[in-house]
Amino acid sequence: MSDALRITETFPGYSHDEWVAVAEKALKGQPLSRISTTTVDGTKIDPIYERASGKTPLAMRPEDLPWAVSQRVDHPDADKANEQLLTDLSNGANMLSIPFVGCASAHGFGLAANKESLAKALDGVMLDLVSVRLEGGASGEIAANAFADFVADKGLDASSLKVSFGLDPIGTFASTGTMAPDWAGRSAAMIETIKGLKSKGFKGPFITVDGRPYHNAGASEAQELGAVVATIAEYWRVLEAAGFDASEALASIDVTLSAETNQFGSLSKMRAMRHLWANLMHAAGVDFVPLHIHAETSWAMMTRLDPAVNILRATTAAFAAGVGGADSVCILPHTLTHGLPDPLARRIARNLQTMLLEESNLYRVTDPAAGSGFVESWTDEMGSKAWALFQSIEQAGNMVQALKAGLLVDEIAKSNAARNKLIATRRASLTGASAFPNIDEADVEVLDVAPLAAPELAEGEKCTALKVVRISEPYEALRAAAKAAGVPTVFFANMGRIADFTARSTWAKNFFEAGGIRALSDKGFTENDAAVEAFKASGSSIACLVGPDGLYEERGADLAKGLKAAGAKMVYLAGRPKDLMEALSAAGVDAYAFESCDVLAELNKIHAELGIAPQAQG
């Protein structure tokens, strides 16, 4: 070994206690618990972990094999879809994910679920060299049989193809709120389709247990996993009741999970899924069957605002999924929130994976996070919470009964409430939306293809449908409303020299412009009268005092009075000088903009004061 690689000899080692001592010194004597955080499902994240002992790498993908690079086939025009996918396959993709019209993952687009559309879309594709994933939603059986008919017409050997047929009536029930005619009838149709596909030589998997409906409704990692495990258990029961033995039933199932910007959370989720899969088989006393995990970057994390940032989000998410052991990964193009992505957006999505695989060589180390105290702890904690939710669902009867009873909706609402608080206060910041907004951003290029209406669903059993929520929507609604109102402004009464106000002015500019209110913030004022005259000339109807606490004490009250007298509808102050707030409020300061305040509530208050009509979120 080269001397340069003898890292333990080159760098001195430090004990856990020594790290703690240095950290507490930086915290000026406060305990490390001061900087611990808590996830939306109550998991405590400590700042320092010791190495986990006795942990070995998990069995994931076959050794030294990269994960499959999946690209979406979602253009409604099958001929156009064919052009896109041939380009993708020629430039690095080796898996096709095909969402059909009406399924939740199509996001308003997708192929028609018939043989003719598939034949056009897949023309020229050597199906024996690529993998295919079908996402049919309520049309799952129709899409699966259409694909089988297409394969038969082509004279292909079904047993040689790698196809995941994507049947998931329970996931469709969760996302649509309707299951026709009922679970008994729906599961019987699924079993009939699977048996028909097997008789034609297809090996499956035939069922995809999809975690995306839960994630996109706001579920925590543990809740997504708990719903997935409960769904696996129910499908397993149905398959065994239909005559499938345990190994045959389990081999018929794969799993789809969402990956998001929480790098270690997503990485741990992939690892925890493998533990939970093994636990199911151990609890049932059956032999182990490998699990295929497909990961897709999160729809819920994507923003319409500054969508180029979605590229960074997707890179982090794909990294986490791949390193966490996903067998295949699909990156949603960064402009998908605006419409059907153009070739450049598709190319970027494809090339992100190529760089992670071929330039960074991330796949070459199996489970690189193994032994990390942080990752192992979070993996175990996530798995335990998911298993507890699974047990609660089983106590309710099964996954279908739990959905009908609203158990999942109630559990996810708790996570959403915690997450919404973080988003509203910007403790969880969204670059381009709540942080560093660009209210002059250019229009986004997408294909000129109108979204399609989802087919009407037949009547049947009902549950409360899980509502898809992108976490940036409240800020997007504010920005859209402000833009429609002509982009109102806020005048910054900056007090003192540039060095006195720049830090707070920068923070406050982000605060107001996150709501689409342009900050007029360039000039500083050493005299109150000059600031008041500049406010009058600005055309703004709201103002914000910006400066250090010392100047607030010296000049703040008089400046607030002057701004009010000059016609300011609202006067804000950047900061929270507790000892001065009573006097400042009495002088005319209406509200305070400070770190961890409820930004969304304040911005909505400003919009209401300015008479800005709310815009629908979406």
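Refer to the structure presented above.
Rules used throughout
- Residues numbered from 1 in each chain as written.
- Predicted model: local features only at pLDDT ≥ 70, side-chain atom pairs only at ≥ 80, totals over all residues.
- Heavy atoms only, no water.
- Buried < 20%, exposed > 50% of the residue type's maximum accessible area, 1.4 Å probe, protein only.
- Helix = DSSP H or I, 4+ residues; strand = E, 2+ residues; numbered from the N terminus.
- Pairing = 2+ DSSP bridges.
- Right-handed = clockwise from strand over helix to strand, strands pointing away.
- Axes fitted to C-alpha atoms, helices over the stretch in contact; angles between N-to-C directions.
- Expected span 1.5 Å × (residues − 1).
- Arc of directions from axis to C-beta.
- Contact = heavy atoms within 4.5 Å.
- 1 Å grid on protein atoms, 1.4 Å probe; cavity = no way out; pocket = protein on both sides within 12 Å on 5 of 7 lines; lining within 4 Å.
- Points joined across faces, edges and corners; volume = space filled by probe spheres on them.
- Nonpolar A, V, L, I, M, F, W, Y, C, P; charged D, E, K, R; others polar.
- Core = buried A, V, L, I, M, F, W, Y, C linked by side-chain atoms within 4.5 Å.

Caption draft 1: Structural context of the pairing of strand 9 (residues 253-259). Taken across its seven residues, strand 9 has seven buried, putting it largely inside the fold. Pairing geometry for strand 8 (residues 207-210) and strand 9, over four bridges, is parallel. The residue of strand 9 that forms the bridge with isoleucine 207 is isoleucine 253. As judged from the five bridges shared by strand 9 and strand 10 (residues 293-297), these two strands associate in the parallel manner. In the sheet register, leucine 257 faces strand 10, and the bridge partner there is alanine 295. In this fold, strand 9 hands off to helix 11 (residues 263-284), which returns the chain to strand 10; that crossover is right-handed.

Caption draft 2: Just the sheet that holds strand 6 (residues 162-164), in detail. An order of 6-5-4-3-11-10-9-8 is seen for the eight strands of this open sheet, with the pairing classed as parallel. With one partner strand each, in any of the chains shown, strand 6 and strand 8 form the two edges of the open sheet. On average, adjacent strands in this sheet sit at an angle of 25 degrees to one another, irrespective of strand direction. Summarising the sheet, strand 5 (residues 131-135) and strand 6 pair through three bridges and their orientation is parallel. Across the sheet, serine 131 pairs through a bridge with lysine 162, a residue of strand 6.

Caption draft 3: Structural view of helix 16 (residues 407-424). Taking 1.5 Å of rise per residue, the 18 residues of helix 16 would be expected to cover 26 Å, and the 26 Å separating its terminal C-alpha atoms lies within 8% of that figure. Listed in full, the buried residues belonging to helix 16 are Leu408, Ile412, Ser415, Asn416, Arg419, Ile423 and Ala424. In an axial view of helix 16, the angular spread of the buried residues amounts to 160 degrees, which keeps them on one side of the axis. Every exposed residue of helix 16 that faces more than 90 degrees away from the buried side is listed here: Lys414 and Lys421. Contact partners of the buried residues in helix 16: helix 8 (212-215), helix 9 (221-241), helix 14 (373-395), helix 15 (399-404), helix 17 (473-484) and helix 22 (599-610). Arginine 426 occupies a position one or two residues after helix 16 and carries a positive phi of about 65 degrees.

Caption draft 4: Representation of the pairing of strand 10. Taken across its five residues, strand 10 has five buried, putting it largely inside the fold. Here strand 10 shows two buried faces, one formed by Ile293, Ala295 and Thr297 and the other by His294 and Glu296. With three bridges connecting them, strand 10 and strand 11 (residues 328-330) associate as parallel partners. Across the sheet, residue alanine 295 finds its bridge partner in strand 11, namely valine 329.

Caption draft 5: A look at empty space enclosed by the protein. Tallied over the entire structure, the rule returns one cavity of 30 Å³ or more. Each pocket or cavity is described by its volume, and for the largest cavity that value is around 80 Å³. Lining the largest cavity are 15 residues, with Arg61, Tyr363, Val365, Thr366 and Asp367 sitting closest to its centre. Partitioned by chemical class, the residues of the lining of the largest cavity number eight nonpolar, three polar and four charged.

Caption draft 6: Inspection of the nonpolar core at higher detail. Counting residues in hydrophobic clusters, the biggest one holds 117 residues, and the most contacted among them are Leu122, Phe147, Phe202, Tyr214 and Met273. When residues of this core are assigned to their parent elements, the largest contribution, twelve residues, is made by helix 9. Phenylalanine 202 has contacts with Phe147, Ala148, Val151, Ala158, Leu161, Phe165 and Leu197, leaving out every residue within four places of it along the chain. Counting 52 residues, the second largest nonpolar core, distinct from the first, contains Phe525, Ala543, Ala568 and Phe594.

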